[in-house]
Amino acid sequence: MTPIIKANELTKTFGSYIAVNHLTFEVREGEVLGLLGPNGAGKTTTIRMLACLISPSEGSAIVAGNKIGENPLVVRQTVGILTETPSLYERLTALENMDFFAKAYNLLDDHKRSERIKELLIFFSLWERRNDKVVTFSKGMKQKLAIARALVHKPPILLLDEPTAGLDPESSKEVRDLMKTLSQQEKYTILLCTHHLKDAEKLCNRVMIINKGKSVITGTLDELRNKINGQIIIQVALKKINSKMVEAAKKVDGVKRVDVDKPASMLKILVNDAELTTPLIVKNIVDSKGLVLSVNVLRPSLEEVYLKLIKEDSK
Amino acid sequence: MRIEKAILVFWKDWREIRRNWQIILPIVIVPLMISVVLPILLTVISGLAVTEGDSFSEFLPLIENLPNNIQMQFAGFTDQQVMIYVMAVYFFAPFFLIIPLMTSSVIASDSFAGEKERRTIEALLATPISDGELFFGKMLVSFIPSMLITVVSFMVYTIVFDVVAISLFNGMLLLPNLDWILMIFGLAPTIALASIGLTIIISAKVKGFREAQQISVILLIPILSLVFGQVTGAIIFGPIIILTLIGLFVVLDFVVFRIGLMLFKREEILTKLA
């Protein structure tokens with residue numbers, strides 16, 4: 001897939017403070033890239049540079065074929081941005097907010113604009129409240145309206161900054177599900193800035209962890225798990241355990257250790273690559289007359305990966 | 001520059017402002033005081049001053065400071081007529097330069113500083129609206145309502161004064177005259193534009209609305225000096241002076257707009273979020 005965002009050595013300094021430090025990455029068309037990092041890692045600054053809200057101190061980026069800084073109006077037209085706060089005009093109604101931003105993003109045909117706004121407000125379940133002032137909306141509704149606003153001009157790229165921040169679990173899930181629909185059904189390219197690992201785990205094809213403005217690691221969740229030497233454990237529950245079965249498991253290439261949990265009648269096998277070793281382990285155990293009741297692969301969570309990498313990087 | 005984008009910003013802001021009583025009340029009350037209460041008060045006071053004699057003698061030095069050609073205009077008038085004529089036609093005129101400044105300063109201070117306070121600025125800056133269109137749109141939303149209020153206030157002031165004075169001056173209408181028309185339709189807009197431009201620059205630079213408004217009050221000082229100049233007779237607004245001032249302020253308006261655009265930095269606005 002071709003990259004639709006290509007950042008090269010992107011750097012931003014505020015005085016002596018380096019907010020983003022030579023960040024290089026790509027976002028491929030149709031993928032969801034999660035930008036993970038603690039507060040102050042440089043996530044929002046990166047998004048602001050890509051949306052031409054601030055200019056990089058060094059480096060450059062190409063967004064949908066346009067170099068940022070060269071023609072900011074064109075770049076802004078190609079991205080839809082959800083800012084840290086919903087940035088909605090609370091004295092205006094939902095419809096008035098949408099209408100203003102639609103016109104600002106050059107949706108000038110009255111009929112097409114009305115249709116697009118209606119389509120989005122229905123999609124986000126806000127159509128019934130279209131004539132209510134935004135000040136009367138709940139946090140979750142405001143966030144949904146802000147995402148609808150970001151989509152109003154059908155941008156190929158969505159830049160979402162902490163879309164579930166400050167929302168209750170129910171609203172968080174609702175927003176997350178909507179984003180999933182946008183990425184999977186509508187095929188939007190999304191750069192998702194978050195420190196909610198659950199969002200990243202559920203939505204992102206790849207993630208980039210940044211700390212103090214620098215990229216710590218980029219890859220798919222599995223790649224990240226592998227890179228940190230994460231403890232992938234295959235749990236094999238057996239009707240009965242004997243030493244032959246333990247030896248059979250140990251014989252498989254890639255098995256690092258086999259622990260026996262006799263009370264649970266279970267083998268806990270430490271491996272590097274679950275996909276490669278699991279079928280072979282099961283086959284060897286069955287060949288040694290073992291009766292397999294269940295097989296379960298335990299991978300390190302994104303949280304474990306994230307915390308480990310951030311801790312290592314901070315050292 | 002795409003004017004329709006500036007007008008879009010104008011309508012969006014105007015919709016917000018007209019639903020905000022904290023902004024609407026101050027911009028309506030002050031002009032109402034000047035255009036309705038002041039003429040009525042003056043008529044009552046002038047009547048009392050003349051009957052009490054001493055009060056009118058305190059007013060005489062102000063009249064004597066006026067140039068001879070103006071003093072000639074009220075030759076043969078009674079004391080009360082002189083007092084009302086001078087006040088209505090000369091002394092109160094500069095107050096109508098303050099109206100557009102006061103009303104626009106409230107709106108212009110809110111332009112960017114208010115959006116920063118309400119955290120709406122980032123989405124606005126992220127739109128493909130250029131710096132010039134944004135700046136001009138923000139100028140329009142301060143300029144149009146303040147000039148409407150000024151013109152309406154002037155009309156009300158004229159009507160109230162003429163109604164009050166018609167019996168005192170045997171059917172003669174005091175206002176409008178050429179000086180006032182030039183001042184309201186020429187000088188007031190050009191002064192307002194310069195002041196609005198400067199206030200918007202301040203509003204983009206500071207963190208909040210109050211800060212912007214406090215600093216923009218300084219812009220009233222040169223206009224207040226015109227008020228005192230007229231009252232003391234140091235400057236008398238005649239057509240030539242008004243036209244000269246219009247010319248100067250037109251140039252200043254362009255300079256302020258250019259400087260405003262040069263100083264308009266989205267990045268700086270974002271880094272100064274309250």
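The shown structure was predicted, so the numbers you read here are calculated from the model rather than taken from an experiment.

Peer 1: An account of the layout of surface pockets is needed here, citing residue identities and associated values.
Peer 2: To find leftover empty space, a probe the size of one water molecule is rolled over the atoms. Of the volumes computed, that of the largest pocket is approximately 370 Å³. What lines the largest pocket is a set of 18 residues, among which A:G40, A:T44, A:T45, A:R48 and A:E84 lie closest to the centre. Among the secondary structure elements, those contributing two or more residues to the lining of the largest pocket are β2 (17–28) and α1 (43–50) of chain A together with α13 (266–271) of chain B. If you tally residues by element for the lining of the largest pocket, the top one is α1(A), at 4 residues. Among the residues forming the lining of the largest pocket, the class breakdown is 6 nonpolar, 7 polar and 5 charged. Taken together, 14 residues form the lining of the second largest pocket, with A:C52, A:L53, A:P72, A:R76 and B:R266 sitting closest to its centre. When residues of the lining of the second largest pocket are traced back to their parent elements, those giving at least two are α2 (72–78) of chain A together with α13 of chain B. For the lining of the second largest pocket, the per-class residue count stands at 8 nonpolar, 2 polar and 4 charged.

Peer 1: Hey, could you go over the nonpolar core for me, with residue numbers and the actual values?
Peer 2: In terms of nonpolar packing, the biggest core is built from 170 residues, with A:L159 and B:L187 touching the most fellow members. Setting aside residues up to four positions removed in sequence, B:L187 forms contacts with B:L97, B:L182, B:F237, B:I242, B:L245, B:I246 and B:F249. In terms of nonpolar packing, the next biggest core, distinct from the first, is built from 17 residues, A:V236, A:M245, A:V246 and A:A249 among them.

Peer 1: Tell me about the interface of chain A and chain B, and please be specific about residues and values.
Peer 2: In this assembly, 29 residues from chain A lie in contact with 27 residues from chain B. Note on chain A versus chain B: buried area summed over both sides is about 2700 Å², and carbon and sulfur give 61% of it. Looking only at chain A, the three residues that lose the most surface to chain B are A:L53, A:Y89 and A:R91, adding up to 27% of its buried area. Counting across the interface, chain A meets chain B through 4 salt bridges. For the salt bridge of A:R48 with B:E122, the shortest nitrogen-to-oxygen distance reads 2.8 Å. For the pair chain A and chain B, the number of links is 11 residue pairs in polar contact (both at pLDDT 80 or more). At the level of elements, β1 (3–14), α2 and α3 (94–104) of chain A are the ones that each hand at least two residues to the side of chain A that touches chain B. Sorting elements by how many residues they give to the side of chain A that touches chain B places α3(A) first, with 5 residues. A class-by-class count of the residues in the side of chain A that touches chain B yields 13 nonpolar, 7 polar and 9 charged.

Peer 1: Talk me through the packing of helix α6 (residues 95–117) of chain B against helix α11 (residues 220–232) of chain B; I want residue IDs and the actual numbers.
Peer 2: Residue and element names in this part refer to chain B. Running from N to C, α6 and α11 cross one another at 165°; their axes reach a closest spacing of 9 Å. Of the possible angle classes, the one that applies to α6 and α11 is roughly antiparallel. Crossing handedness for the pair α6 and α11: left-handed. Together, F95, L97, I98, L101 and M102 of α6 and L220, I223, L224, L226 and V227 of α11 make up the contact between the two elements. Of the residues that constitute the contact of α6 with α11, the class distribution is 10 nonpolar, no polar and no charged.

Peer 1: Please give an account of the packing of aromatic side chains that cites residues and values.
Peer 2: To describe a pair of aromatic rings, one takes the distance between the centres and the angle between the planes. A full pass over the atoms with the stated rule returns 17 aromatic pairs over all chains. Measuring from centroid to centroid gives 5.0 Å for A:F123 and A:F124, while their planes differ by 80°, and the two rings are edge-to-face. Since its relative accessible area comes to 0%, A:F124 is described here as buried. Consider the rings of B:F136 and B:F257, whose centres lie 6.1 Å apart with planes at 85°: the pair is edge-to-face. Here B:F136, found in helix α8 (residues 131–165), pairs with B:F257, found in helix α12 (residues 239–263); they are 121 residues apart in sequence, far enough to count as distant.

Rules behind the numbers
- Residues numbered from 1 in each chain as written.
- Chains lettered and ligands numbered in written order.
- Predicted model: local features only at pLDDT ≥ 70, side-chain atom pairs only at ≥ 80, totals over all residues.
- Heavy atoms only, no water.
- 1 Å grid on protein atoms, 1.4 Å probe; cavity = no way out; pocket = protein on both sides within 12 Å on 5 of 7 lines; lining within 4 Å.
- Points joined across faces, edges and corners; volume = space filled by probe spheres on them.
- Helix = DSSP H or I, 4+ residues; strand = E, 2+ residues; numbered from the N terminus.
- Nonpolar A, V, L, I, M, F, W, Y, C, P; charged D, E, K, R; others polar.
- Core = buried A, V, L, I, M, F, W, Y, C linked by side-chain atoms within 4.5 Å.
- Buried < 20%, exposed > 50% of the residue type's maximum accessible area, 1.4 Å probe, protein only.
- Contact = heavy atoms within 4.5 Å.
- Buried area = accessible area lost by both parts, 1.4 Å probe.
- Salt bridge = Lys/Arg side-chain N within 4 Å of Asp/Glu carboxyl O.
- Polar contact = N/O pair within 3.5 Å; in protein donor to acceptor, adjacent residues only side chain to side chain.
- Axes fitted to C-alpha atoms, helices over the stretch in contact; angles between N-to-C directions.
- Parallel < 35°, antiparallel > 145°, perpendicular 65-115°, else oblique.
- Left-handed = near helix turned anticlockwise from the far one by under 90°.
- Phe/Tyr/Trp six-rings, centres within 6.5 Å; stacked < 30°, edge-to-face > 60°.

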